[in-house]
Number of protein chains: 2
Amino acid sequence: MRLTNNLRKISTLLSAAGLLVLSGSLMAGDGYHSKYANRFETLPAISPIPANNSLTKEKVELGKMLFFEPRISASGVISCATCHNPSLGWTDRIPRATGHAAQVGERNTPTVLNSGFFTSQFWDGRAADLEEQALGPIEADIEMNLSLDEAIVRLKGFKAYQDAFAKAYGGNGEKQITPNNVAHALASFQRTLNTPNSPFDRYLSGDLSALTEQQKRGMAAFSDNGCSACHNGPALTDSLFHAIKVPGSTDLGRFLVTGDEGDKHRFKTPTLRNVAVTYPYFNNGGTATLEEAVQVMGKEMLGREFNKKTNADLVAFLHSLTGEMPHIEVPALP
Amino acid sequence: MRLTNNLRKISTLLSAAGLLVLSGSLMAGDGYHSKYANRFETLPAISPIPANNSLTKEKVELGKMLFFEPRISASGVISCATCHNPSLGWTDRIPRATGHAAQVGERNTPTVLNSGFFTSQFWDGRAADLEEQALGPIEADIEMNLSLDEAIVRLKGFKAYQDAFAKAYGGNGEKQITPNNVAHALASFQRTLNTPNSPFDRYLSGDLSALTEQQKRGMAAFSDNGCSACHNGPALTDSLFHAIKVPGSTDLGRFLVTGDEGDKHRFKTPTLRNVAVTYPYFNNGGTATLEEAVQVMGKEMLGREFNKKTNADLVAFLHSLTGEMPHIEVPALP
């Protein structure tokens, strides 16, 4: 009783200082925070910046232009933003990526949100970082279908790009329009596309009211059932490759990159950040709802069947991972 | 002298009231304003609103969502904004419209900027207004290639659209998702996409410094040479159909709508508002620069060859028609 009284006094003092929420978490807890919060990481507003590509305003501005630039595609109407659509959670919300001439690829478009936190890129990890990733879709025949040479020629034709490259990289703007600098600018822009302050992040930071009771149960189930084994770190992915056969998929995944038998059907763990707004799910986009996706993951990866309540709790938790979207005014292009 | 003195007094008074610019135009003039300004019209910020489609915030918001919605296309990745790209002057800046499966149409994509001021729509006027125009590209097989029935079914599948239609039209949201209401919302959004306050508009309103001397000469040449015969009204188009054969075009134009021999090769006069940022030019997009476009128009429509200086003056004038672009934050879609 004496302890309780002392805590009450402390609580009153903290409350007077406007710190009631924090004191609540320190004092009484909610039965979950003290046990689970330290098993997770909040999402920072800025992702790690590599030593060889300092993040500057000028590169980010240029990268934004390039991200929205459709004339670096063969048709002239497909940009990065076509499939990584800012209106659609920076993905396309269709099962499989659809690019040049309406060709449909094998895989679901990954969101670029928080992709700066991944330590491998693409479903099969064939690029190590955003710089390596950036140019692939321009040349891919089922995506933008343009040779890099032609893309560079087209960009050089615009004085506005010459100026923007000069600003970002110094020196002669036209000479600075190189594949490497295009990739660095696109990577820099993408590193700013993060979604901090989700309800889950606010909860981890001590706002115990940021999650519903159901979401807290879901968080506990997520951790206790081992989902965190792969979905961990700030973006809730280990960026590693795990064998999985989701409904309808025959895709060999990472094997196609490494040729190692052991990599057959392995895919990179996708981020769960904003998963509620980046449907449909899995490497083939063949699963439409979180309810189904959770069920599949339970069976395939954990060898268990979640009961209806646990499934609903997990889905509720996943909804708490939707953060603040970047506010994007479309750039004026030349 | 007495008149001059009186004008000076008036000028002093107006200047004291912060109206020096206006008084300057009334008093001294620049040799052009008094003669030419009344031959033109400024561009209002809002276009005329039809009696059967009142402009409401809710319709505009919904129309914006629909404008950016790619899932009302067969591929799921083409929206109105793909070809009427806000980054590219609300057109695509490629010669001819490129839509479903990279098919290339016969005609250049017209900008939607200020299209609420047109009294006919499309190059051939096959729609009378924006409401009639709005649904055509969804169904056109070389554009979005989706039946209206399917588009409506897809929209009905989203609760967010049910809610937005209920807000815009009242009653049961799902039932309000009709082709007519889709068209009205899209038209409402487009009526807000206007570009007032161009240098030319500011000049017409009395700011004599808003145009350069060369631009003023161009304005005079534009009027004196008869360009205004067709390019008149607030959007500098009469929305009527004139026979023209531009380089490379065999398109029969309005004839394909009316079947009248006299309509062969007739096309709607395009707006000249923002013409500097809506290249390339003409019905087939076959002309890349304003210099060439002015030359072609002189020869084809006016039967004269502009000398180099007059051509440059006209081009400089056309650059003064670029107004303030709408600031668009991409909408969040469901």
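What counts, and where the lines are drawn
- Within every chain, residues take consecutive numbers counted from 1 along the sequence as written.
- Chain labels run from A onward and ligand labels from 1 onward, assigned in the order the entries are written.
- In view of the model being predicted, local features appear only for residues whose pLDDT reaches at least 70, and side-chain atom pairs are presented and counted only at 80 or more, with totals across whole chains, interfaces and linings using the full set of residues.
- Water and hydrogen atoms play no part in the side-chain values, which are based on all heavy atoms of the structure.
- A run of H or I in DSSP counts as a helix once it spans at least four residues, and a run of E counts as a strand once it spans at least two, with each numbered from the N terminus.
- To sort residues, take the accessible area from a 1.4 Å probe on protein chains only and compare it with the maximum for the residue type: under 20% means buried, over 50% means exposed, and anything in between is partly exposed.
- We call two residues contacting when some pair of their heavy atoms lies within 4.5 Å.
- All accessibility values rest on the Shrake-Rupley procedure with a 1.4 Å probe; residue burial counts only the protein chains present in the view.
- By the counting scheme adopted, Arg and Lys are positive, Glu and Asp are negative, and His together with the chain ends is not counted.
- By convention, charge coordinates are those of NZ in Lys, CZ in Arg, CG in Asp, or CD in Glu.
- By definition, the buried area sums, over both parts, the 1.4 Å-probe accessible area that each loses when the two are put together.
- N or O atoms closer than or at 3.5 Å make up a polar contact, with two conditions inside protein: a donor-capable atom paired with an acceptor-capable one, and, for residues adjacent in sequence, both atoms drawn from side chains.
- Amino acids are sorted into nonpolar (Ala, Val, Leu, Ile, Met, Phe, Trp, Tyr, Cys and Pro), charged (Asp, Glu, Lys and Arg) and polar (every other residue, Gly among them).
- When the copies are overlaid, the least-squares fit takes in C-alpha atoms only where the residue has pLDDT of at least 70 in both copies.
- Any Lys or Arg side-chain nitrogen found within 4 Å of a carboxyl oxygen on Asp or Glu counts as a salt bridge.
- To obtain the arc, one takes the directions from the helix axis to the C-beta atoms.
- Exposure above 30% relative accessible area and the absence of a salt bridge qualify a residue for a patch, where like charges join within 9 Å and nonpolar side chains (Val, Leu, Ile, Met, Phe, Trp, Tyr) within 5 Å.

Engineer: Please set out the overall build of chain A residue by residue, giving values where relevant.
Structural biologist: When you go through chain A residue by residue, the secondary structure sums to 16 helices and two strands. If you line up chain A on its principal axes, its C-alpha atoms span 80 × 50 × 30 Å. Relative to its 334 residues, chain A shows a buried fraction of 55%. If you take every contact in chain A between residues at least 6 apart in sequence, the share linking residues at least 24 apart comes to 67%. As displayed, chain A offers around 14,600 Å² of accessible surface, 54% of which is attributable to carbon and sulfur atoms. The centroid of the 32 positive side-chain charges in chain A is displaced by 7 Å from the centroid of its 34 negative side-chain charges.

Engineer: I'd like a rundown of the interface of chain B and chain A, residues and numbers included.
Structural biologist: At the interface, 27 residues of chain B touch 27 residues of chain A. Each partner contributes to the roughly 2,100 Å² buried at the junction of chain B and chain A, and carbon and sulfur atoms together form 59% of this total. In this structure, the connection of chain B to chain A is made through 16 residue pairs in polar contact (both at pLDDT 80 or more). Its residues assigned to classes, the side of chain B that touches chain A shows 16 nonpolar, eight polar and three charged.

Engineer: How would you sum up the side chain of His231 of chain B? Please name residues and give values.
Structural biologist: Take His231 of chain B: it is sitting in the loop between helix H13 (213-224) and strand S1 (241-243). For His231 of chain B, the contacting residues outside a window of four places in its chain are Phe222, Leu236, Thr237, Thr269, Pro270, Leu272 and Met297 of chain B.

Engineer: Tell me about the relation of the copies chain B and chain A, residues and numbers included.
Structural biologist: By a simple turn and slide, chain B fits onto chain A: the slide is 0.0 Å along the axis, the RMSD is 0.0 Å, and the turn is 180°. Seen this way, the second copy is the image of the first under a two-fold rotation axis. No C-alpha of chain B lies nearer the rotation axis than that of Ala101 of chain B, which sits 1.8 Å from it. The overlap is high: 100% of the interface residues of chain B also sit at the interface in chain A, so the same surface is used on both sides.

Engineer: Give me the pattern of salt bridges: which residues, what numbers.
Structural biologist: Counted according to the given criterion, the structure contains 28 salt bridges over all chains. Two residues, Arg273 of chain B and Asp201 of chain B, come together in a salt bridge whose shortest N-O distance is 2.8 Å. Linking Arg273 of chain B in the loop between strand S2 (266-268) and helix H15 (290-302) with Asp201 of chain B in helix H12 (residues 199-204), this pair joins segments that are 72 residues apart in sequence. We note that Arg273 of chain B, like Asp201 of chain B, is buried. In the salt-bridge network here, residues are joined through shared partners; they are Arg107, Asp124, Arg126 and Asp251 of chain A.

Engineer: Go over helix H8 (residues 148-156) of chain B with me, naming the residues and quoting the values.
Structural biologist: Structural remark: α-helix, 3.6 residues per turn; residues separated by three or four positions point the same way. All names here are of chain B. Along H8, the residues classified as buried are Leu148, Ala151, Ile152 and Leu155. Mapping the buried residues of H8 onto a view down its axis gives an arc of 95°, with all of them on the same face. With respect to the buried face of H8, the exposed residues turned more than 90 degrees away are Asp149 and Val153. In this fold, the buried residues of H8 make contact with helix H4 (57-67), helix H7 (136-139), helix H9 (159-169) and helix H11 (179-190).

Engineer: Explain a nonpolar patch on the surface residue by residue, including any values.
Structural biologist: Residues and elements named next belong to chain A. On the surface, Ile46, Ile49 and Leu55 cluster together to form a nonpolar patch covering roughly 210 Å² of accessible area. Structurally, Ile49 can be placed in the loop between helix H3 (33-36) and helix H4 (57-67). Ile49 gets classed as partly exposed once you look at its relative accessible area, which sits at 35%.

Engineer: Talk me through H4 of chain A; I want residue IDs and the actual numbers.
Structural biologist: All names here are of chain A. Counting buried residues along H4, eight of its 11 residues qualify, which places the element largely inside the surrounding structure. Within H4, burial applies to Lys59, Val60, Leu62, Gly63, Lys64, Met65, Leu66 and Phe67. On the buried face of H4, the contacting elements are helix H5 (80-83), helix H8 (148-156), helix H9 (159-169) and helix H11 (179-190).

Engineer: Could you give an account of unusual backbone geometry, naming the residues involved and the relevant values?
Structural biologist: Residue Pro280 of chain A follows Tyr279 of chain A across a cis peptide bond; omega there is -10°. Along the polypeptide, Pro280 of chain A turns up in the loop between strand S2 (266-268) and helix H15 (290-302). Although it is not a glycine, Ala101 of chain A adopts a positive phi angle of roughly 55°. Classification of Ala101 of chain A as partly exposed rests on a relative accessible area of 29%. In the Ramachandran plot, Asn114 of chain B falls in the positive-phi region, its phi being about 65° despite a non-glycine side chain. With respect to the helices, strands and loops of the structure, Asn114 of chain B is situated in the loop between helix H5 (80-83) and helix H6 (130-133). By relative accessible area, Asn114 of chain B is classed as buried at 0%.

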